[in-house]
Each structure stands twice: as structure tokens, then as C-alpha cells.
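Fold and contact review
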Amino acid sequence: MIKDKIKVLNNNSLFLELYCLILCIIAVVCWKYSFLAGMITIVSIAAISLLIFNDFKYMIPCVLYFMFSNNDGFEATTIPVSLVVCTGVFFLVLIIYLIRNKIHLSKVKSAFGIALLGISCALPYFWHNIIPNGKEGLYVMYFAWFLYFVLYVLFASSLNKDSFKMLVYAFEYMAILLALECVLKVYVLHKENPTENILNFWYYLGWGLCNEAGIMMCVGLPFIFINMLKNNKIANIIIGNIKLLIICIGMFVTGSRGTFLFGYIEFLLLYLLYMIKTPNKKNSFVGLGFIAVLIIIIAQISVGIPKLIKDIRNYLFFNDLNDNGRKELWMDAINMWKKNPMHIMFGGGLVSEFYTVMSFHGMAEVFKVYHSTFFETLACFGIVGVLFLVIHLIEKYRQLLKLDRPTAGLILISYIMVGLYGMIDNTYSMYYYMVSLILIMATLDNYEKCQFLEKC
């Protein structure tokens, strides 16, 4: 009897969305007031869900929201005991789950490129180990891609064919979570500096910077359109458009020019494809009209439409449109790559060089990130690493062939736009992007074609 009820819940779209919504609320509230409480709560929910449902798809939102609930962070040597104990209990539950269900390696189909990059990531340790005393925790960077590979194998081998529905909801609410974090942060900054153009604020969210939140909102965008496409009832379309509005506001207050360029172009392309492919165009136009009215009302109430237009114009056309040091970083990447034959072939590792920079915690010595997928890969992993990245990208895009065309088209647009964004900013090798990508790819490894989301 209880098993039957659990099975019904496990396949109920409303329950799955509610599960992600509750986790999202916990994450954003605890991000604002107590990230430690949020992390412990999310880990506890993950363990309980795994015990009750015996289904790994419940780990997708837990991993995402755990990652983005961090508003400050702590050193490896100062991790709270309560979090260590809670995480230890979770891993015990995970071991029990894996013993009961076994690891099905035959389900892992797109991990070859990631495995090769794991090798590229580790090799530079033998000829370019520059990690100083006091920063021993950075040695984990030599195993970063290996850890991504392990995470990929764990999820791809454990998820079931019905996990796609959970992926859609999880990434919808991930984007909403990040939008709310940005809005809350800007609200505080605006109260402190009421005369400042909100687009000039540059801020740290704890897990990453505001422009990185913009990147991850771009990753989550297509999943809202997938949901609206699969369930084209008017109520779902209106709710979907409200979600899009929240995310668009979040993208706006990042103040990131990259998000303005790539994010809003992605949004327009996704909406265009959605309007072409939706079987219920009447409801879609109603939803579009509803969102347009809401945008006008919110813009007028919040700052006033004339002032908003003036702020956007000043930000885009009258501010100093510099490259924020990108060219210098890319030249540094080329110089690192050309350092010697070993660097040319295999790179210098993710920790290639240190420099002193002003951070949100004051002046700090940090390892250099080259703000470009290509230059980062070239400097850190060399020519061989670039070739391995190409193999990974082939696997990544090939997965889309198993999807129905509208769904594949929506995810393809996101992949391309985020990929272009990654040519001038941080995506690949950044943990927040890599973990999210792995969850998507692992789910697609187990995807089965279906016509409507409710039947997935």
C-alpha cells in the first residue's frame, strides 16, 4: 500500500515540481539568512528522499540548490562539524542505495571526453606544480575533471529513463533561485546607494559573481520553454511566462554585458522557436500578452519607465565599454601555453599562475582564470586538451539527436549561446557550470523519447 502511494507520487508532475519549489525556497531563504542551515537541510532532504523513493532523480535538484545556497563559504579547515556529520550520514545512505541498486555502467554513454579531460587535468602536476605552502587545498584542482567524471558516472549509471521531468523542473527553479539571489542582493545595494544606477553594481553572491549567475540563468532558460511546450494549457503557459519574467529581471540586475548580449538573444531565439513549435498558438499569444503587461507595470512601479530607459541607455552607450582586462588575460594564456614544449602539448594545469587581485574579501593572491573556454583549455591543458575538449563537445551535442526536434532545438540554442558566452567568460572548468552540465548530460544518457512531459 505504501509502496503504491510512493510510486504514484514518484510519477506525479505536480509533486515533482512542488519538491523542486520547496527546495528552491529553502535555498533562497537560507542563502539570505543562514547558508549553513540551508546546506544541512538540503543534504538531509536528499538522504530522506533517497531512502523513501529509492530513485536517484531526487538528487538532481538537491545537488544544484546545495551548490547555489552558499552565500559566503568557508575554508576546508573550518567546515562546521554539523555539516560534516550530516554529509557523512548522506554518504552512508548513498552507499546503501548503491548496494541495493548497483552501478549500471552500461548506461554511461557520453563520458569519454570528460575522462580524457580528467587525464589532461592531472598530468601538469608532474612538471608545473606551483602551489605554495598554505594553499595545499588547491591540489584538488589537479583532480577537478576526474571528480566531474566520477559525478557523471554516478548520475548516468543511477538515473532512470523517467528522470527528464525532474531535470526540467530542477533547472527551471535553479534559474529562479539565482534570479531571486541577484534581486535581493541588488535591493540591499540600492538601499545603501540609492542614487547609483543599479546596472553599475558588481557583486559577489558567495558561490560566484553576478555575471556567473547570469551565465547559469542562461543554462536554465530552455527548460521553462520545454515545460510550456509539453504542457500547453493556458494556466501552465501563464505560470511559465511569470517564471520567465522573474529570470529576465534577474538577468537584468546582474548588470553583466555578456548576459545582456548572449542571455537576451538566447531568450528571444528560444521564444521564437517556442512560438513556431507550440501546438496551441492562441494560448501562447495570451501568455505573451500577459507577460508584456506585467513587464510594463513592474517597470513603472519599481523605477519608472523613463528612468529605466535612461539607465539602460547610459549603461550601454555612455559608460566606458572596456574589455575588463580580457585581452591581457588571453595574452597571458597564450604566453603560458608557449612557455615550453610540455606546456604546448599538455598545458600548465588549472593552477598555472598566481597573481594578486582585489577580491570581495580584499587583496588576495589567487590562481589566474583566463575567462575563455578556448584560452583556458589551451593554457591549462595544451593542444591535447583542446582536442579532448572537441571530443567531449561532439558527445555533448550528439546526445541531442535522441530528443524530439523541438526539445533538441531549445537545448541546442542554449548550448550554442552559453558556449559563445564562454568564449569571453568563465564556463568550462568552473564547478557551478560543470556540475550543472553533468546533470543534464547524465539525464540525457538515460532519456527515452516521449511526446508529452507527463508521459516521460
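As the structure is a computational prediction, the values presented were derived from the model and not from experiment.

**Considering the overall build of the chain**
Along the chain, the regular secondary structure elements total 18 helices and 2 strands. Total accessible area on the chain is roughly 20800 Å²; 71% of this is exposed by carbon and sulfur atoms.

**Comments concerning the packing of aromatic side chains**
Across all of its chains, the model carries 30 aromatic pairs by this definition. Taken together, a centroid distance of 5.9 Å and an interplanar angle of 55 degrees make the contact between F225 and Y274 tilted. Residue F225 is located in helix α9 (residues 210-230), and its partner Y274 is located in helix α11 (residues 257-277); the two are separated by 49 residues in the primary sequence. The same class applies to F225 as to Y274, namely buried. Consider the rings of Y397 and Y415, whose centres lie 5.5 Å apart with planes at 80 degrees: the pair is edge-to-face. A residue pair is termed long-range when its members are at least 10 positions apart, and Y397 in helix α16 (residues 373-398) and Y415 in helix α17 (residues 405-421) qualify at 18 residues. Cluster of aromatic residues (ring-pair linked, three or more members): F15, Y19, F53 and Y58. Geometry around Y415 places K396 over its ring, the cationic atom sitting 4.5 Å from the centre.

**Re a nonpolar patch on the surface**
Judged by side-chain polarity, L18, L21, I22, I25, V29 and Y33 come together as a nonpolar surface patch covering roughly 570 Å² of accessible area. On the secondary structure map, L18 appears in helix α2 (residues 13-33). Residue L18 is classed as partly exposed on the basis of its relative accessible area, which comes to 43%.

**Observations regarding empty space enclosed by the protein**
A full pass over the atoms with the stated rule returns 3 cavities of 30 Å³ or more. The volume enclosed by the largest cavity comes to roughly 70 Å³. Lining the largest cavity, in full, are V219, P222, F223, I411, S414, Y415, V418, Y433, L437 and I440. When contributions to the lining of the largest cavity are tallied by element, the ones reaching two or more residues are α9, α17 and α18 (431-445). Tallying contributions element by element places α17 first for the lining of the largest cavity, with 4 residues. Its residues assigned to classes, the lining of the largest cavity comprises 9 nonpolar, 1 polar and no charged. Lining the second largest cavity we find L117, W145, T373, E376, T377, F381, L389, Y428 and S429. Among the elements that take part in the lining of the second largest cavity, α16 stands out by supplying 5 residues, more than any other.

**Quick word on the environment of Y169**
Mapping Y169 onto the fold places it in helix α8 (residues 164-192). Along the backbone, Y169 and Y19 are 150 residues apart, and their C-alpha atoms lie at a distance of 9.0 Å.

**Points about the state of the cysteines**
Going through the model one piece at a time under the given rule, you end up with 0 disulfides. Lacking any disulfide linkage, C380 is separated from the closest cysteine sulfur, that of C121, by 8.4 Å. On the basis of relative accessibility, which here comes to 0%, the residue C380 falls in the buried class.

**A short note on the side chain of S157**
Residue position: S157 is located in helix α7 (residues 144-158). Assessed through its relative accessible area of 1%, S157 is described here as buried. One polar contact links the side chain of S157 to the main-chain carbonyl oxygen of L154, over a distance of 3.3 Å. Once residues lying within four places of it in the same chain are set aside, the contact partners of S157 are I103, H104, L105, K107 and V108.

**Side note on the confidence of the model for the chain**
When the pLDDT values of the chain are averaged, the result is 86; 86% of them are 70 or greater. Per-element mean pLDDT across the chain ranges from 60 in helix α13 (residues 305-318) up to 96 in α16. Counted against residues more than four places away or in other chains, residues 451-456, with its pLDDT under 50, gives 16 contacts.

**Observations concerning α11**
An ideal rise of 1.5 Å per residue puts 30 Å on 21 residues; α11 measures up with 30 Å between its terminal C-alpha atoms. Buried residues of α11: G258, T259, F260, F262, G263, E266, F267, L270, Y271, L273, Y274 and M275, and no others.

**Focus: α18**
Between its first and last C-alpha atoms α18 spans 21 Å; for 15 residues at 1.5 Å apiece the expected length is 21 Å, and the two agree. Taken across its 15 residues, α18 has 14 buried, putting it largely inside the fold.

**Some remarks on the environment of I215**
When you line up the elements, I215 lands in helix α9. Sequence separation of I215 and S256 is 41 residues, and the distance between their C-alpha atoms is 9.4 Å. Sequence-distant contacts of I215, that is, excluding residues within four places in its chain, are made with T259, V418, Y421, D425, N426 and T427.

Analysis parameters
Along each chain, the written sequence defines residue order, and numbers are assigned to residues from 1. Confidence filtering applies because this is a predicted model: local features only for residues at pLDDT of at least 70, side-chain atom pairs given and counted only at 80 or more, and all residues used for totals across whole chains, interfaces and linings. As a rule here, side-chain values come from all non-hydrogen atoms in the structure, and water together with hydrogens is ignored. Segments assigned H or I by DSSP are reported as helices when at least four residues long, segments assigned E as strands when at least two residues long, and all are numbered from the N terminus. Here the accessible surface of atoms and residues is derived via Shrake-Rupley with a 1.4 Å probe, and residues count as covered only by protein chains that are part of the display. For Phe, Tyr and Trp, where Trp contributes only its six-membered ring, two rings pair if their centres lie within 6.5 Å, and the inter-plane angle classes them as stacked under 30 degrees, edge-to-face over 60, or tilted in between. Relative accessible area decides the class of each residue, using a 1.4 Å probe on protein chains only: under 20% of the type maximum gives buried, over 50% gives exposed, and in between gives partly exposed. We count a charge as sitting over a ring when the NZ of a lysine or the CZ of an arginine lies within 6 Å of the ring centre and within 35 degrees of the ring normal. Residues enter patches when their relative accessible area tops 30% and they take part in no salt bridge; the joining distance is 9 Å for like charges and 5 Å for the nonpolar side chains Val, Leu, Ile, Met, Phe, Trp and Tyr. The term salt bridge refers to a pairing of a side-chain nitrogen on Lys or Arg with a carboxyl oxygen on Asp or Glu at a separation within 4 Å. Think of a 1 Å grid over the protein atoms and nothing else: a 1.4 Å probe that fits but is trapped marks a cavity, an open set flanked by protein within 12 Å on at least five of seven lines marks a pocket, and residues with an atom within 4 Å of a point count as lining. Grid points are joined across faces, edges and corners, and a volume is the space filled by probe spheres set on the points. Lys, Arg, Asp and Glu make up the charged group, whereas Ala, Val, Leu, Ile, Met, Phe, Trp, Tyr, Cys and Pro make up the nonpolar group; the residues left over, Gly among them, are polar. Whenever a pair of cysteine sulfur atoms sits within 2.5 Å, that pair is classed as a disulfide. N or O atoms closer than or at 3.5 Å make up a polar contact, with two conditions inside protein: a donor-capable atom paired with an acceptor-capable one, and, for residues adjacent in sequence, both atoms drawn from side chains. Note on definitions: a residue-residue contact is assigned when non-hydrogen atoms from the two residues lie within 4.5 Å. Scored between 0 and 100, pLDDT is the confidence that the predictor attaches to each residue. Take the residue count of a helix, subtract one, and multiply by 1.5 Å to get its expected span.

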